[in-house]
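Structural characterization, general
Next come the chains, spelled out residue by residue.
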Amino acid sequence: MKYRSFEEFFLVPLRNGLTKPKRVRGEGYKMVNMGELFKYSRMKNIPMDRVPLNEKEYLSSMVVAGDLLFARQSLVLEGAGQCSIFIEDAEEVCFESHLIRCRLNKKIANPLFYYYFFSSKLGKQVINAIVEQGAGAAGIRGSDLSKVLVPDIDIVTQNNIVRVVDNIDSKIEFNRQINQTLESMAQAIFQSWFVDFDPVKAKIAAREQWQTFTDDERTEWLNELLDTQDYFKTCLLELTAKAGLSDDENVQLESSFDLISCRGHGPESSESLDIGLNNLRKEWQSKKVGPALQNASETLYLNIAAMTAISSRNETSLAAMPVEEFSQLYKTASLFPERLVDSELGEIPEGWRVGTLGGLIEFNPRRTLKKGTVAPYLDMKNVPTSGHLADEVFDRELGSGTKFINGDTLLARITPCLENGKTAFVDFLEDNQVGWGSTEYIVMRPKANYPVSLGYFIARNEEFRQHAVQSMTGTSGRQRANSKALEGLDWLAYPIELLLEFDKLSGHYLKVARTNGDQNKSLSMIRDSLLPKLLSGELDVSSLTELSDIDPAAMDV
């Protein structure tokens, strides 16, 4: 493979980022900062701070799609020379002093090709060869970066290699985005159900509205509702039965009660159902509404309000749901109380009680591993700051550390890891296997009968994390969260029935995320093994056309 000096591919000379932006009047510009390089290797939708710049500084320091950005110095656990690529245009974005911008001539150089080169083992060796030992941190200089030798490959071959490798990377990014979306949804549901009590508040608002209706308006609502979805009818009849029959006419409904259940698959006898509904309509229309139908209709109205709060569907959309989904949603909605009451934690749902967090979660439960045992080890640096997937678990002989099993949640208790959100859910061990890791983990495991996902979503909850930070003790540079203080926190004792419903959603997320994470590891191994062979010409890119044409969303391994 031929090599050329890197600067021969430049469109403009290398430029270091801004050190002291001049303050001028007018709107500022967004700034790519060093920390973002350690979040994403291919930067996209990055939150940035605004920095006031004059026009000259802005034009010379602007970042556009395709620009390569190199870290000038080592930070945290990353090395100097780490390469990132800006993959989409953003409004008025500049870059800061710890970065070197490289803009290539796209007629002869595909920026993604050289991004992949510098991300490869060979590219990292090239960077490591020019790393200097500065005052306190290793770094690289733009002048040295310009002179490094890089592959000299024609643009057509570069594009073909990028098409193959980037397709694999796109699938990895697709899986990551799915996991991020699912986690956000699960966290939002936890917040809505167990912190904000949105379904309860929806019922409260619905009751206030129901009480303003006249009998004619209630009759109209009921008739419209019963014409849209048979399953609403079964719910109404069951509720009427539970409330108690109010007159002789409704005795005719008894024949249908054994056939109708909101927990089953809908009515099995349409004739019995029609008889019952006609009798209910007659009762409403006669304006002599008995307490059974009155209570049943109001409860149904409240439950529908909770269903819309839970699912973000309106009544029309609810009526179009498949029976199985409707039944599950109705069951969940009916589990929420209809009132809030005062407590030492403020207003909470009626019937719920206040206990301690230790009543739900066991902190640092005892696990045993024999001395000298080789067991899966999770280093603190491999615990994620977002999502639950832990990377690079490897076998290591037991030393001093925390022990854990599948279903445990690992909370980093030390600064700055706690503030950064480092948290992992253990789902990477074999059955009955015990793993171990840093002594700086707090292990959280839901108590018997509670779903294991509860520990993870409490650990990710903002209110809990604030309590964890407030519990920290120790010197300013080495503070630790106090597990005993967390265990004794006043906390809601969530109803087990509702937690099991939540686990159907949250547990599903954890399983899907693990599947996607395992697939990403396999894809990364494929990409990392292909890349050096493609760069060196050992592997002909034309033999991999099936990888360049496949839709990343449909890719499987």
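Here is a short report on the structure shown in this document. (Residues numbered from 1 in each chain as written. Predicted model: local features only at pLDDT ≥ 70, side-chain atom pairs only at ≥ 80, totals over all residues. Heavy atoms only, no water.)

1. As for helix 5 (residues 155–194)
For an α-helix the count is 3.6 residues per turn, leaving residues at separations of three or four pointing the same way. Basically, it comes down to this: Runs of H or I in DSSP of at least four residues are treated as helices and runs of E of at least two as strands, each being numbered from the N terminus. Here, expected helix span is obtained from the residue count minus one, scaled by 1.5 Å. Side-chain atoms alone can form a polar contact between residues adjacent in sequence; in general such a contact is a pair of N or O atoms within 3.5 Å, and within protein one must be able to donate a hydrogen while the other accepts it.
With 40 residues, helix 5 extends 56 Å from end C-alpha to end C-alpha; this agrees with the ideal 58 Å at 1.5 Å per step. Of the residues that open helix 5, the one with a side-chain oxygen 3.2 Å from the backbone nitrogen of Val156 is Asp154.

2. Section: the sheet that holds strand 20 (residues 409–412)
Going by this rule: At least two bridges found by DSSP between two strands are what make those strands a pair. All axes are obtained by fitting lines to C-alpha atoms, using only the stretch in contact for helices, and the reported angles, taken between N-to-C directions, cover 0 to 180 degrees.
Pairing within the open sheet is antiparallel, and its 4 strands lie in the order 16-23-20-21. Since the sheet does not close on itself, it has two edges, and those belong to strand 16 (361–363) and strand 21 (423–425), each with one partner. With strand direction ignored, the average angle separating the axes of adjacent strands in the sheet is 25°. Relative to strand 23 (residues 441–446), strand 16 runs antiparallel, the two being bridged by 3 bridges. Looking at the pairing, Glu362 lines up with Arg445 of strand 23.

3. Some remarks on the side chain of Ser471
Filter applied, for reference: Residues count as neighbours in contact if any of their non-hydrogen atoms are within 4.5 Å of one another.
Among the structural elements, Ser471 can be located in the loop between helix 16 (462–470) and helix 17 (483–487). A distance of 3.0 Å separates a polar atom in the side chain of Ser471 from the backbone nitrogen of Asn482. Not counting chain neighbours up to four residues away, the residues in contact with Ser471 comprise Arg480, Ala481, Asn482, Ala485 and Leu486.

4. Concerning the nonpolar core
Operational definition: Think of a nonpolar core as a cluster: buried Ala, Val, Leu, Ile, Met, Phe, Trp, Tyr and Cys residues, connected wherever their side-chain atoms sit within 4.5 Å. Each residue is assigned to one of three classes by its accessible area relative to the maximum for its type, calculated with a 1.4 Å probe on protein chains only: buried under 20%, partly exposed between the two thresholds, exposed over 50%.
In terms of nonpolar packing, the biggest core is built from 40 residues, with Phe194, Met444, Ile458, Phe464 and Tyr494 touching the most fellow members. It is helix 18 (residues 496–536) that provides the largest number of residues to this core, a total of 6 residues. The next biggest cluster of nonpolar side chains, apart from the first, holds 39 residues, and it includes Phe6, Cys102, Val126 and Val164.

5. So, unusual backbone geometry
Residues Thr415 and Pro416 are joined by a peptide bond in cis, for which omega reads 0°. Locating Pro416 in the fold gives a position in the loop between strand 20 and helix 14 (417–420). Its identity as a non-glycine residue notwithstanding, Ser312 has a phi of 60°, on the positive side. By secondary structure assignment, the location of Ser312 is in the loop between helix 11 (291–311) and helix 12 (315–319). Given the relative accessible area of 69%, Ser312 is considered exposed.

6. Some details on the sheet that holds strand 18 (residues 394–397)
Spatially, the 4 strands line up as an open sheet ordered 18-17-22-19, and their pairing is mixed. The strands lining the two open edges of the sheet, one partner per strand, are strand 18 and strand 19 (402–404). Shown here is a sheet whose adjacent strand axes are inclined to one another by a mean of 45°, direction ignored. The sheet contact formed by strand 17 (residues 374–378) and strand 18 spans 4 bridges and is antiparallel. Counterpart to Pro376 in the pairing with strand 18 is Asp395.

7. Quick word on the packing of helix 2 (residues 111–119) against helix 5
Heads up, the rule is: The scheme is simple: roughly parallel for angles under 35 degrees, roughly antiparallel for over 145, roughly perpendicular for 65 to 115, oblique for anything else. Take the far helix as your reference; a near helix turned counterclockwise from it by less than a right angle gives a left-handed crossing, and one turned clockwise gives a right-handed crossing.
Orientation of helix 2 relative to helix 5, taken along the N-to-C sense of each, is 65°, at an axis distance of 9 Å. With respect to helix 5, the axis of helix 2 lies roughly perpendicular. Between helix 2 and helix 5 lies a crossing whose hand is left-handed. Residues Leu112, Phe113, Tyr114 and Tyr116 of helix 2 form the contact with helix 5, whose own contacting residues are Gln158, Ile161, Val162, Val165, Asp166 and Asp169.

8. Focus on the environment of Ile496
You can see Ile496 is positioned in helix 18. Sequence separation between Ile496 and Asn449 is 47 residues, and the spatial gap between their C-alpha atoms is 7.9 Å.

9. So, the pattern of salt bridges
The test is simple: Any Lys or Arg side-chain nitrogen found within 4 Å of a carboxyl oxygen on Asp or Glu counts as a salt bridge.
Scanning all chains against the criterion turns up 20 salt bridges. With a shortest N-O distance of 3.6 Å, Arg4 and Asp152 are connected by a salt bridge. In this pair, Arg4 is assigned in strand 1 (residues 3–5) and Asp152 in the loop between strand 12 (149–151) and helix 5, connecting sequence segments 148 residues apart. Using a relative accessible area of 27% as the deciding quantity, one classes Arg4 as partly exposed. With its nearest N and O atoms 2.8 Å apart, the salt bridge here joins Asp427 to Arg514. Placement of the pair is Asp427 in the loop between strand 21 and strand 22 (435–437) and Arg514 in helix 18, with a sequence separation of 87 residues. Note on accessibility: Asp427 and Arg514 belong to one class, buried.

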